[in-house]
Each structure stands twice: as structure tokens, then as C-alpha cells.
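Listed below are the residues making up each chain.
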Amino acid sequence: MALLELRNVSKIYHLGGEEIRALDDVTLDIEAGEFCSIIGPSGSGKSTLMHILGCLDSPSLGTIKLDGVEIQKASTSQLAHIRNRKIGFVFQFFNLLPKLNVVQNVELPMIYSGIGGKERRERALKALEMVELGNRLKNRPSQLSGGQQQRVAIARALVNDPKIIFADEPTGNLDTHTGEVILELFRNLSRQGRTVMLVTHNPEIAAVTPRRIEIRNGKIADKVDTRLAGLDRLAAAAAKSAAAGAH
Amino acid sequence: MGLWNAIAVGFKEIWAHKFRSLLTMLGIILGVSSLIAMSALVEGMEKGSREALVAVGGLQKFRIESQPVPVEQRHLRDFATGVTLGDVYAIQNNAPEVLKISPEMRMEPSPTLSANGKNFRTWSTAGVWPVQLEMMEHNIEHGRCFNEVDDEQARSVCVIGTGIRDELWGNPEETGKEIIPLGQTLTINGSPFTVIGMFEHYESDQDRKTRLLRKAEEAERLASGLTNAPTGPKRMRGWGGNRRGGFAFWIKNNTVYVPLNTMWIKLLSGQTNTPSDKRLSEMEIKVRDVDKLELALSEIRNVMMVRHRGIEDFNVRTQEDWAEQINVFIKNARLSGGLIAGISLLVGGIGIMNIMLASISERIREIGIRKAVGAGALDIFVQIVVESTVIALIGGIAGVGTSYGLIQLIIAFTTTDNAPIVTVSSMAIAFGASAVIGVLAGLFPALKAARMNVIQSLRYD
Ligand SMILES: Nc1ncnc2c1ncn2[C@@H]1O[C@H](COP(=O)(O)OP(=O)(O)O)[C@@H](O)[C@H]1O
Ligand SMILES: [Mg+2]
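Given the structure is predicted, the values throughout are model-derived calculations rather than measurements.

(A) Layout of the overall build of chain B. The helix and strand tally for chain B stands at 16 helices and twelve strands. Radius of gyration (C-alpha) of chain B: 33 Å, far over the 23 Å computed for a compact globule of 461 residues. Across its three principal directions, the C-alpha atoms of chain B cover 105 × 65 × 35 Å. Burial analysis of chain B (461 residues in total) assigns 48% to the buried set. A separation threshold of at least 6 residues defines the contact pool for chain B, and within that pool the share at least 24 residues apart is 82%. Carbon and sulfur atoms make up 59% of the accessible area of chain B, which totals about 23300 Å².

(B) Looking closely at the state of the cysteines. Per the stated rule, a full pass over the model turns up zero disulfides over all chains. Here Cys145 of chain B is not disulfide-linked; the sulfur of Cys158 of chain B is the nearest cysteine sulfur, at 11 Å.

(C) Spotlight on the interface of chain A and chain B. Each partner contributes residues to the interface: chain A has 22 residues there, and chain B has 21 residues. Regarding the contact of chain A and chain B, the summed buried area is about 1900 Å², with carbon and sulfur atoms giving 58% of it. Of all residues in chain A, the largest losses of buried area upon contact with chain B belong to Asn95, Lys99 and Tyr112 of chain A, amounting jointly to 33% of the total for that side. Here chain A and chain B share two salt bridges between them. The partner of Lys99 of chain A in a salt bridge is Glu366 of chain B, with the nearest N and O atoms 3.6 Å apart. In this structure, the connection of chain A to chain B is made through five residue pairs in polar contact (both at pLDDT 80 or more). Tallying contributions element by element places helix H3 (residues 102-111) of chain A first for the side of chain A that touches chain B, with four residues. Its residues assigned to classes, the side of chain A that touches chain B comprises twelve nonpolar, five polar and five charged.

(D) Region of the structure containing the pattern of salt bridges. Applying the stated rule across the entire model yields 38 salt bridges over all chains. As a salt-bridge pair, Lys100 of chain B and Glu134 of chain B come within 3.0 Å of each other at their nearest N and O atoms. Of this pair, Lys100 of chain B sits in strand S2 (residues 98-106) while Glu134 of chain B is found in helix H4 (residues 131-135), placing the two residues 34 residues apart along the sequence. For Lys100 of chain B, a relative accessible area of 22% gives the class partly exposed. With relative accessibility at 45%, the residue Glu134 of chain B sits in the partly exposed group. Bridged by salt links that share partners, the residues Lys99 of chain A together with Glu13, Arg363, Glu366, Arg370 and Glu387 of chain B form one connected network.

(E) Main features of the sheet that holds strand S4 (residues 61-66) of chain A. All names here are of chain A. Strand order in the open sheet formed by four strands is S2-S1-S4-S5, and the pairing between neighbours is antiparallel. If you trace the sheet from one side to the other, it starts and ends with strand S2 (18-30) and strand S5 (69-70), each paired once. Each of strand S1 (4-15), S2 and S4 is contacted by helix H1 (residues 46-53), which is oriented at about 125° to S1, the strand it contacts most.

(F) Structural detail: the pairing of strand S4 (residues 118-121) of chain B. All names here are of chain B. Bridge analysis of strand S3 (residues 112-115) against S4 gives four bridges, and the strand direction is antiparallel. Its bridge partner lying in S4, Ser114 is registered against Asn119. Following S3, the chain reverses through two residues before pairing antiparallel with S4; Asn116 in that reversal takes a positive phi of roughly 55°.

(G) Inspection of the nonpolar core at higher detail. Leu49 and Phe166 of chain A are the most contacted members of the largest nonpolar core, which has 71 residues in total. Ranked by residues supplied to this core, first place goes to helix H14 (residues 377-413) of chain B with seven residues. Look past the residues within four positions of Phe166 of chain A in its chain and what remains in contact with it is Leu4, Met50, Leu53, Gly54, Ile87, Gly88, Phe89, Val90 and Met197 of chain A. Within the second largest apolar cluster, 46 residues are counted, among which are Ala90, Ile91, Val195 and Leu280 of chain B.

(H) A look at a negative patch on the surface. All names here are of chain B. A cluster of acidic residues, Glu294, Glu320, Asp321 and Glu324, forms a negative patch at the surface. With three residues, the top contributor of residues to the negative patch is helix H12 (residues 320-362). Summarising the element assignment, Glu320 is placed in helix H12.

(I) How the structure looks around the site of ligand 1. In the neighbourhood of ligand 1, the contacting residues comprise Tyr13, Leu15, Ala22, Pro41, Ser42, Gly43, Ser44, Gly45, Lys46, Ser47 and Thr48 of chain A together with Arg459 of chain B. Between ligand 1 and Gly43 of chain A, the relevant distance is 2.6 Å, taken from an oxygen atom to a main-chain nitrogen or oxygen of the residue. Within the backbone of Lys46 of chain A, an N or O atom sits 2.8 Å from an oxygen atom of ligand 1. Protein chains shield 70% of the accessible area of ligand 1, which is 560 Å² for the free molecule. At the level of elements, S1 and H1 of chain A are the ones that each hand at least two residues to the shell around ligand 1. Considering each element in turn, the shell around ligand 1 owes the most residues, three residues, to H1 of chain A.

(J) Structural detail: the side chain of Glu366 of chain B. With respect to the helices, strands and loops of the structure, Glu366 of chain B is situated in helix H13 (residues 364-372). Polar contacts involving the side chain of Glu366 of chain B include one to the side chain of Arg370 of chain B, which spans 2.8 Å. Apart from the residues within four sequence positions on either side, Glu366 of chain B is in contact with Leu97 and Lys99 of chain A together with Gln383 of chain B.

(K) Focus on the pairing of strand S9 (residues 191-199) of chain B. All names here are of chain B. Judged from the three bridges that link them, strand S6 (residues 140-143) and S9 form a sheet pairing that is antiparallel. Counted as the bridge partner of Gly143 is Gly197 from S9. As paired elements, strand S7 (residues 157-160) and S9 share four bridges and run parallel to each other. Looking at S9, one finds that Ile160 is bridged to Met198. Turn length for the strand S8 (residues 185-188)-S9 hairpin, with the two strands adjacent in sequence and antiparallel, is two residues, and the turn residue Asn189 shows positive phi of about 45°.

The rules we used
Residues numbered from 1 in each chain as written. Chains lettered and ligands numbered in written order. Predicted model: local features only at pLDDT ≥ 70, side-chain atom pairs only at ≥ 80, totals over all residues. Heavy atoms only, no water. Helix = DSSP H or I, 4+ residues; strand = E, 2+ residues; numbered from the N terminus. Rg over C-alpha atoms; globule rule 2.2 N^0.38 Å. Buried < 20%, exposed > 50% of the residue type's maximum accessible area, 1.4 Å probe, protein only. Contact = heavy atoms within 4.5 Å. Areas by Shrake-Rupley, 256 points an atom, 1.4 Å probe, with all protein chains shown as cover. Disulfide = S-S within 2.5 Å. Buried area = accessible area lost by both parts, 1.4 Å probe. Salt bridge = Lys/Arg side-chain N within 4 Å of Asp/Glu carboxyl O. Polar contact = N/O pair within 3.5 Å; in protein donor to acceptor, adjacent residues only side chain to side chain. Nonpolar A, V, L, I, M, F, W, Y, C, P; charged D, E, K, R; others polar. Pairing = 2+ DSSP bridges. Axes fitted to C-alpha atoms, helices over the stretch in contact; angles between N-to-C directions. Core = buried A, V, L, I, M, F, W, Y, C linked by side-chain atoms within 4.5 Å. Patch = residues over 30% accessible without salt bridge, like charges linked within 9 Å, V, L, I, M, F, W, Y side chains within 5 Å. Lys, Arg positive; Asp, Glu negative; His and termini not counted. Charge placed at Lys NZ, Arg CZ, Asp CG, Glu CD. Near = heavy atom within 4 Å.

Set out below in C-alpha cells:
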């Protein structure tokens, strides 16, 4: 049984009498431990897919099972509970709370899972050590660089030990070098056995992941066109560098 | 999210917008303090009025007095006797609900009293039975009251109130010592009477307090050796003097009583020619049980109607009207005070709701983020309600504090005989009201925040 099972999922928006199918009959399985990218041009429906996979949104049609639980019919509070326990998000614009400092931001998910103050603090510190931000605990997000903010966001996504981590264009707002550092973090997470889904429009980033799902006009493209954008070459290079890194 | 976390977040949010929160609280502060101040004022007035009512004997007591024959009975005018001593005996024997009855024979117009080289026309000089003292809640502080023997033998003795003493022999505040004129001679319209008793001084609690305070200040001043006493004409400042609220006490202090028989024989003889039945000004009656006032009244009415052969040359005057008036007045004062305070509280509540609405639209993204990491609709709802309640409660506490100042201000700007009484219950009610308003004001904004769509809130900027 796959960790995530999507069956004929559609998301339909109605705009002034016009019907927009942001997702159109998507069927998809994600196995536990997979490192997978969702790629496609802007407006193709990547974020919509991620929101539905991540229980931030529910589908208009179709069914979705997460960890064996049907969630297309779940209430908003049940969805909140699933998001809290099983899912971690990383967004393009970091989405940290500006009034809270770094530790408090990382503690936030645990506040809603009712974890006591002491344990909360310990786990937040551990997660921050992992993203190498153990020395910036009392800083406000505005006092950090973009890359540091994104690392705080990753620590926040990890802190409740979720089944799956979603990242929507996590490097979209960062310079190339910083983006690579963040990407490396996700690769490490994947190596540790976590399920990671990476949403991107950038083939170079998608090249990092073993599996790629291509979305066009709300549909999954039958076959990823590797020649387009030189994906094959990039993938080979990535595999080579990974092999080199392993040595 | 636990309640403590919600409260902590609420305080942080308020602290982050100190000035805005303070302005918002102002409505609640005013509402709570005016509620407490109003209730304190009304409470004070009520106590004053009740004291006055008790001072004249309470509801149990009423009076029967002579009145002119009504128009439709004009032809029977010659048979009209008015209220007489015979009526008193008849009621005593035939109206079982009557506990005490006390005839009163007043001199009309009120006579001139002279003593110590001074003259004074008092409020009332009356011939009574000793029972009148119980009836009017009089207490003799010095000397004694006249008794049945004094009455029977029509002795020229009298009992006076402190007001009479003040006028004829001097006020203790002015003379510096208390004069007790027992054994002195007082002439009533020229007839000499011996003062055998003097009542205690009657005053309201409030007057007593001010007088004692003034006395203490005086003593302190003397003790500290300051002899330059204020010069210039002395002001008349009290002794429960003729101020509005102290009127009932003033009347009691300005009373002269002589035995009924003495009044009849020595002071009124020659003024009336119906010696067979002594005419009274009125009689005071006290019933056994206030709840059976109606029954007692009908008993008395029956006796009187028989004796007066149906001529209505008397009327019955109860204190019900007065008590009723007090009640109506207090009710109105409560209502209007409550209304004012209620409106301020309402306005305060609307202010809080307004600021909470502004606050959540500033924090749409925050709410989206909180929801994305797992906050449920209930968590968000509770957080917003807690925030608005915290604002209201801080306002409530500040309002309780401010009410003290407000009351002092009211006291300084108005002359009231009745000191405001702050009750714990009024404070509790006002504080409770602020809590309720905080919760209510938060409900709608909280619902709005809880219902926000996660994706839309996250995308909002
Ligand atoms: N709330 C919405 N109402 C209407 N249309 C929407 C809404 N959200 C997304 N869409 C449409 O759905 C399509 C997919 O959007 P999105 O998933 O954000 O694309 P991507 O993330 O791939 O750039 C777009 O055409 C977008 O305009
Ligand atoms: Mg997108």
C-alpha cells in the first residue's frame, strides 16, 4: 500500500461562469521513502496538486488516501490534525511568523499538538541543530537571510516528525548558491529515509530527484520528455555527482 | 492549543499594540467605572431614604387625622366632630390588628416657646400619651418621660428635642459644652413648664460621620496649639440641620411633648367647646403585622365610620405612598444609571469587536500559517475570543480602579447627604459584565478568523 494514493482527483474552480480545471483526473501513488519532484510550467497545477496531497485543500472529485486514511471527506478540523501530525510544509516565501523568534516559530506546530513546553523546546533545538541554526535561536525572521529563514522553515516542517514533507518552490526565492544548500538539505532528509516531495518549475532542481512527475494543464504528462530542457543530461550529471559524493 | 498558550498569545498581541489596546479598553473602563459609581450612588441614596423612613416609624405605622367634610356631605357638617379621644378608645377596643395607638393633640398655630431669655417657634408642640415615644422611635437620653400620673394630674412638665435646646439654651457646637436643661422652666405661650427629659440627638449616619470628623479635626487643631480659630460669621453647617435628606431628623429634634391632659386642660381650654369628647389633631397607629395592613385599615375604618355616623371628617394617611415613592425613585435611578453604564459598556464592546476585526484582517497570513502547521478552526476561534476577553478583562480591572476616582469626583462636585456605598456585588457584576462583553465582542471576529480558507489566507498579502 502506497503512502499516498490519488484516484481520479480533479480540482475545479468556477470563475465567472467559466470552469477552470486546475487538476484534471489525476491518478498517482507515492511510496513511503520516495524523493520525488513535481515539475511543470507556471500555472500548470503543481501547487494545487501539492495542496491536495498535503491536506491543505480538498479535491472537487476523486479520492485520496494518506497512510491508509481516506481524506477527501475529512472535516477541516480533521485535516488540521493530519497536517499537524503527518505533514511538513516548506513554502517559497518561507511563511514564518514575523512576531515570533526562531525557536518559537519552530515550536509552533507542537503547540497545536499539545506538547509540553519543555519537550517542545528540546525538540525545536534538535531540529534547529539539524539545519545548523542552533546559534540564532532568539533572532526574529526579519534578522535572518533568505536561506536562513528557509532553514528555519525546514526545521519547523521536521519538528513533529511527519510522514511526508512537501516543499513548494523552496529555492524559488533564493540565489543559486543558497538554493543548492537548501536542496542539499532535502537530499539529506531523503537519504535519512524521509518521504520528500519537491515542487518546482526548474528542471535543474527536478534533476536531483530520482522520480519526476510532470504536470501540464492539470494533467500528469504520460512520459517526462527528457530531451526538453536537457533533463537527461542533467539527471546523468546529478547521478554522477551523487555517486561521487558517496565516495 | 492550551488555554494558557492562548492567553499568553493574547497578552503578547495586546502588548504589541499598546496604545491601540488602551484606546479600545477605554470604553470598557468607562462602562465598568460608571456602572460601579452609579450603583454606589443609588445604594447611598437608598440607604438614606430607608433610614429616614425607619426614623418615622416605618410602614407599620400610619396616622388618622381630621379633615374637612367632603363636599357631598356638606349638609352634615354640624355633626362632624373630627378625630377624638373617644375614637382612640373605640379603636383600642374593637380593632384587634392594632398594636399601639397614640393620640396627639397639637397646638395650631404652633406656640411660642420661651426660656433663657429667648423665644422660639417650633415645628410642633403636642400633647401625647407616653406611648407616643415608642410610636415615633424617640429615645430619652437625659431625664425621664412623663407618666400616667403626670397625665392624670395634668402636670406642667415637658420633654424636648435637642433642636429646642439648641435654640433656647445654645448649640453644643457653638457653646463648646453640652447643656442639659433638665429642671429648667420653659414657657409655652406664657404657661410655665418644667423640662423633665430630653431626647437624644437624631441624625443620619452620614451627618453623624461628618460631625464626628469635624470634631476630631477640631480637637487636633486645638491639640496642636493652633488657636487662630476661623473668624467672621459662623456658618450654619449642620447638626443634621434643615438639609434635604435630614428633614425627618430635623422634625424629630424640634419636638416638644407635654402630657395629653395637660395640653387639653392648660393649653387648649377655652379654645374649644366640646369638653365631652376631646378633639385630637391626629392619632398615630401601629399595626401588629405589616402584611395585614389592609385588614387593620378596614377594621379601623369600620369603627370610625360607625362612630362618625358615616361622616368622613377624618382621613387615614399611611407611609405607603412615601415608601412607594422611595422605591420608584430608586428604581428610576437604578434604571437610568444602569442604562448609561450599559450603553458605555455596549460601546466598549463594539470598540473591541472593531479592533478584533481590524486585528484579524491584519493577521490573515498569520492565521493561514498557523492553520497550515496544524491549528484547527477551534484553536483559532479560542485564540481570538481569548484575546478580546483579555482586553475586556484588563479594561474591567482598570474600570474597578477608576470607579474609585469617579466616585470621589462625583462627591466633590455634588452635595449629597448620602455617601455613595460601593458594594462588592456591584464590582463583581461590573467585572462580570466586562468579561461577558469581551467574549461576545470576540465571537464574530473569531468565527470569521476560524472560517478563513487556509490556501487563500496563505496566498494573501
Ligand atoms: N482559487 C482559485 N480560483 C481560481 N483559479 C485558481 C485558484 N487557484 C488556482 N487557480 C488556477 O489553477 C491553475 C493552477 O494553479 P497553481 O496550482 O497555482 O499552478 P502552479 O503552482 O503550477 O503555478 C492556474 O490556472 C490558476 O489560475
Ligand atoms: Mg505554484
